[in-house]
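Observations on chain architecture
Okay, here's what each chain looks like letter by letter:
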Amino acid sequence: MNAIEVNNITKTYSAKKNFVTAVNDVSFSVAEGELFGLIGPDGSGKTSIFRILTTVLLADKGTAKVMNLDVVKNYTSIRNMIGYMPGRFSLYQDLTVEENLNFFATIFNTTIQENYELVADIYKQLEPFKTRRAGKLSGGMKQKLALSCALIHKPKILFLDEPTTGVDPVSRKEFWEMLKRLKAQGISILVSTPYMDEANLCDRIALIQTGKILEIDTPQNIVNRFEKNLYAVKSKRMFNLLNDLRAYSKTESCFSFGQYHHLVLNEEHPDMNELKSYLKDHTELEITQIKPNIEDRFMQLMRK
Amino acid sequence: MTSEKEIVIKTDKLTKKFGDFIAANEITFEVFKGEIFGFLGANGAGKTTAMKMLIGISKPSSGNATIAGFDVYKETEKIKKSIGYMSQKFSLYEDLTINENIQLFGGIYGLSDDEIEKRRNELINKLNLQSEADKLVASLPLGWKQKLAFSIAIFHTPKIVFLDEPTGGVDPITRRQFWDMIYEASHNGITVFVTTHYMDEAEYCDRVSIMVDGVIKALDSPAGLKKQFNANSMDEVFIMLARDAKRGE
């Protein structure tokens, strides 16, 4: 059985005369125990998909199942077996840390003690602040409390909508380590993120853009489909280098990637000496063939 | 960066306390004209507090700073006229059209109607927004909004533009187009002071400072920092410095 099954879901919003197709004929499935990532920028439809699957929004078309239950007909059963962490902090700001956790446990007819071992790892970092109001917590702490509250009734599936957005690299790393440990306990996880580097931490991912899924596969298979030769190029004057590379007659695309520019040439066996002589005015020039990453592939798909 | 290295931001032991809590602790640095300066730090390191003092909306507890030559205690109104600001959270008025937003910000910064009209045409043509100019900002895709917000933040040709996580959530191609615009502004002599959580973007900066628990722990060019910390990427440098941070946001 799949933990999640989505078949041809479409969702359109209308505001006055404007129609926006937020989710456009999207299908995918998440296996039990899988850590599945929806990877895409803001406005790609990630949150609408989360809201449809967590039974708080109705799709216009298509069907979806969570733990083999229909999201429309069986919404009450689904709500009892899922944990949902929405993108916006949605705990009670004027309740304390402990009161929030207690509240969510009570709603689901359980107690903190009953499922403590599941949240212990995360919640013990919060315990020193358990009498502090949620609204007064730091960003990283809020995120940990929200995850604890989503877990306290021992859900079968976790829905995490952009849990790491706006979070610094250190806390992001810690958060993904927590997810790995939850996955090891058999919980299926659907997580979304705009950070492409986090895609590699998922079992499988769907790349999504303006409501359409561009590609679904393991991160490795997705980068393998890049197929073109990719070069990392750097020189002393990076901005000029970028303009020069874009003006080169055999360039298909060139984008900045931190300390290097990533260059794709439109030939199968490019003459690197020709490129080097074209760039002869650049000092400290470095050209290396490299393996593409998820972001390279995402951008390649966006340009199609 | 210009060769004479004119200083446009200078801070000396700039400090902000909230009761016993020292949000920003004796921050000292300089930023030069036309430089792209990356202001990094963990959540809660004190970046926002520091930035608020620099843009003249929060009075320091102690220390000194001048922004575009103006004092952060006495000349905050002059500072505000000399800078531009945009953040991911607030950039433009969604329920005004593109033209109306331009008119509003141009007016606030005291540009004449003729000047606003001239620059407005340039901006609209450059961003290819001719057919959208009379549409509400709310109807624009996020990436366009952010590019427009940046263009409006530098509409009055400020000396310095402050960008607070300008590219959060933006698609990868737009994110890079945004940086092309930053490079261009810097090339035209505007100093860019930018915060980001994308470590690849730290590499695009001329120099980067990393704040941890209210203190600037490191400040150098990306290449210099990688050398100093024997790291392969800015991500590694950041994690080395910030992993022992004691404070959250």
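Calculation criteria
- Just so you know, the residues in each chain are numbered from 1, in the order the chain's sequence is written.
- By the order in which they are written, chains take letters starting at A while ligands take numbers starting at 1.
- With the structure being a predicted model, the display of local features is reserved for residues of pLDDT at least 70 and the display and counting of side-chain atom pairs for 80 or more, all residues being used for whole-chain, interface and lining totals.
- Only hydrogens and water are set aside when side-chain values are computed; all heavy atoms of the structure are taken into account.
- Under the DSSP-based scheme used, a helix requires at least four consecutive residues in state H or I and a strand at least two consecutive residues in state E, with every element numbered from the N terminus.
- Atoms counted for the radius of gyration: C-alpha only. Globule rule: 2.2 Å times the number of residues to the power 0.38.
- Think of it in three bands: residues with accessible area under 20% of the maximum for their type are buried, residues over 50% are exposed, and the middle band is partly exposed, with areas taken using a 1.4 Å probe on protein chains only.
- Here, two residues are considered to be in contact whenever any of their heavy atoms come within 4.5 Å of each other.
- All accessible-area figures derive from a Shrake-Rupley calculation using a 1.4 Å probe, and residue coverage is judged against the displayed protein chains alone.
- Only four residue types enter the tally: Lys and Arg on the positive side, Asp and Glu on the negative side, with His and both chain ends excluded.
- Charged side chains are reduced to one point each, which is NZ for Lys, CZ for Arg, CG for Asp and CD for Glu.
- Here is the rule: rings of Phe, Tyr and Trp (six-membered ring for Trp) pair when centre to centre is within 6.5 Å. Planes less than 30 degrees apart are stacked, more than 60 are edge-to-face, and the remainder are tilted.

1. Notes on the overall build of chain B
- What chain B contains, in helices and strands, is nine helices and 10 strands.
- On C-alpha atoms alone, chain B measures out to a radius of gyration of 18 Å, which is about the 18 Å that the 2.2 N^0.38 rule sets for 249 residues.
- Its C-alpha atoms give chain B principal-axis dimensions of about 50 × 40 × 40 Å.
- Counting only residues that meet the buried cut, chain B has 57% of its 249 residues in that class.
- Look at the contacts in chain B between residues 6 or more apart in sequence, and 69% of them connect residues 24 or more apart.
- When the accessible surface of chain B is summed, it comes to about 10,900 Å², and 48% of that surface belongs to carbon and sulfur atoms.
- For chain B, the separation between the mean place of its 31 positive charges and that of its 35 negative charges on side chains is 5 Å.

2. Remarks on the packing of aromatic side chains
- If you walk through the whole model with that rule in mind, you get 18 aromatic pairs over all chains.
- Relative to A:Phe36, the ring of A:Phe28 lies with its centre 5.2 Å away and its plane at 10°, an arrangement referred to as stacked. No difference in accessibility class separates A:Phe28 from A:Phe36, as the two residues are buried.
- Centroid distance B:Phe150 to B:Phe178: 5.4 Å. Interplanar angle 55°. Geometry classified as tilted. Within this pair, whereas B:Phe150 is found in helix α5 (residues 142-153), its partner B:Phe178 is found in helix α6 (residues 172-187), the two being separated by 28 residues in sequence. For the pair B:Phe150 and B:Phe178, one class covers both residues: buried.

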